Amino acid sequence: AALPIYNRQHSAEGRRVVITALCRGRVWPAMMAALGVAVVLGPAAVVAAPEFGEWKVLELPDRAPARFTILDNQEIEVATAASASFFYRDAPGAAGWLAWRWRVDRPGRAGDLMQQGQDDRPLAVHLWFPDDSIGGVFKGLFTELFGYPAVGRVMTYVWAAGNEKGKRFANPYLEPGQGVVIVLRDAGDGWGLWRDESVDFAADYQRAFGTAPPAPRFLAVSGDSDDLGGATLGRIVEPRFQLYRAN
């Protein structure tokens with residue numbers, strides 16, 4: 001595999017830094033299924049980019065990457081063009097609530113989040129949990145070589161491009177009991193408007209999986225337009241963990 005190529009672009013506006021990483025390699029489909037996306041085995045665009053603060057980029061096999069731009073005011077701009085990837089960091093000592101602000105300026109094409117190959121969305125927030133029953137598959141040398149985070153169960157909070165607000169359903173890419181998707185916002189919430197969220201992820205985990213959650217291992221944000229094409233653009237203020245619901 002070739003070494004990653006890193007590209008940092010600085011602009012005068014707000015000292016923006018855009019981080020991209022490109023390399024080639026091969027990965028197992030099961031790894032990306034654990035992250036909640038479909039994978040075709042073959043040459044892959046990879047993996048963990050150098051940290052910007054605490055955040056890293058995780059690119060997907062055979063997918064053009066999304067672009068993540070960090071602004072001075074703790075906003076993360078997420079832009080896609082027939083592309084998808086993740087921006088993630090560790091989530092040490094996470095409490096039971098998660099709060100953030102987000103907005104969608106360009107929603108992209110509306111699909112069906114419950115169907116593989118139709119589940120594009122402009123913005124999503126993910127919690128990746130450890131799970132010893134399946135996490136062992138992705139530990140050790142494999143994750144060290146390819147830079148993938150070892151994860152078990154997955155929770156995904158979505159702003160949808162269509163009209164799917166309020167839906168909760170199993171992640172269509174995962175085995176039963178391993179992932180849940182919760183649609184918090186959709187087209188009815190409007191575009192170009194900031195919206196505030198405060199979710200009791202511990203209660204959501206209990207409802208989805210029937211047990212109290214372990215502490216999340218990673219927090220991630222993403223944009224996704226790789227299935228239906230088109231482009232998306234949104235922003236999210238860095239999510240924060242807390243002990244109680246935000247006012």
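Residues numbered from 1 in each chain as written. Predicted model: local features only at pLDDT ≥ 70, side-chain atom pairs only at ≥ 80, totals over all residues. Heavy atoms only, no water.

Moving on, we come to the overall build of the protein. On a plain count of helices and strands, the protein comes out with four helices and 16 strands. When the accessible surface of the protein is split by element, carbon and sulfur atoms take 51% of a total near 10,900 Å². (Helix = DSSP H or I, 4+ residues; strand = E, 2+ residues; numbered from the N terminus. Areas by Shrake-Rupley, 256 points an atom, 1.4 Å probe, with all protein chains shown as cover.)

Backbone geometry places Asp 62, a non-glycine residue, at a positive phi of 55 degrees. Among the structural elements, Asp 62 can be located in the loop between β5 (56-59) and β6 (67-70). For Asp 62, a relative accessible area of 40% translates into the label partly exposed. (Buried < 20%, exposed > 50% of the residue type's maximum accessible area, 1.4 Å probe, protein only.)

Once that is clear, we can look at the environment of Glu 75. Note that Glu 75 resides in strand β7 (residues 75-81). Taking relative accessible area as the criterion, Glu 75 reaches 8% and is therefore assigned buried. Each C-alpha atom, one on Glu 75 and one on Ile 236, is 5.5 Å from the other, the two residues being 161 residues apart in sequence. Setting aside residues up to four positions removed in sequence, Glu 75 forms contacts with Thr 69, Ile 70, Trp 194, Arg 235, Ile 236 and Val 237. (Contact = heavy atoms within 4.5 Å.)

Moving on: the pattern of salt bridges. Counted under the stated rule, the structure contains 15 salt bridges. Between Asp 105 and Arg 103 there is a salt bridge whose closest N-O contact spans 2.7 Å. The partly exposed category is assigned to Asp 105, whose relative accessible area is 32%. Connected via shared salt-bridge partners are Arg 67, Glu 75, Glu 77 and Arg 235. (Salt bridge = Lys/Arg side-chain N within 4 Å of Asp/Glu carboxyl O.)

With that out of the way, let us pick up the environment of Ser 222. Of note, Ser 222 is situated in strand β15 (residues 218-224). C-alpha of Ser 222 to C-alpha of Phe 87: the two residues are 135 residues apart in sequence and 6.2 Å apart in space. In contact with Ser 222, not counting residues within four places along its chain, are Phe 68, Val 78, Ser 85, Phe 86, Arg 121, Pro 122, Leu 123, Ala 124 and His 126.

Every buried residue of helix α4 (residues 201-209) is listed here: Phe 201, Asp 204, Tyr 205 and Phe 209. The buried residues of α4 occupy an angular sector of 105 degrees when the element is viewed end-on, so they sit on one face. At the exit of α4 stands Gly 210, carrying a positive phi of roughly 75 degrees. (Arc of directions from axis to C-beta.)

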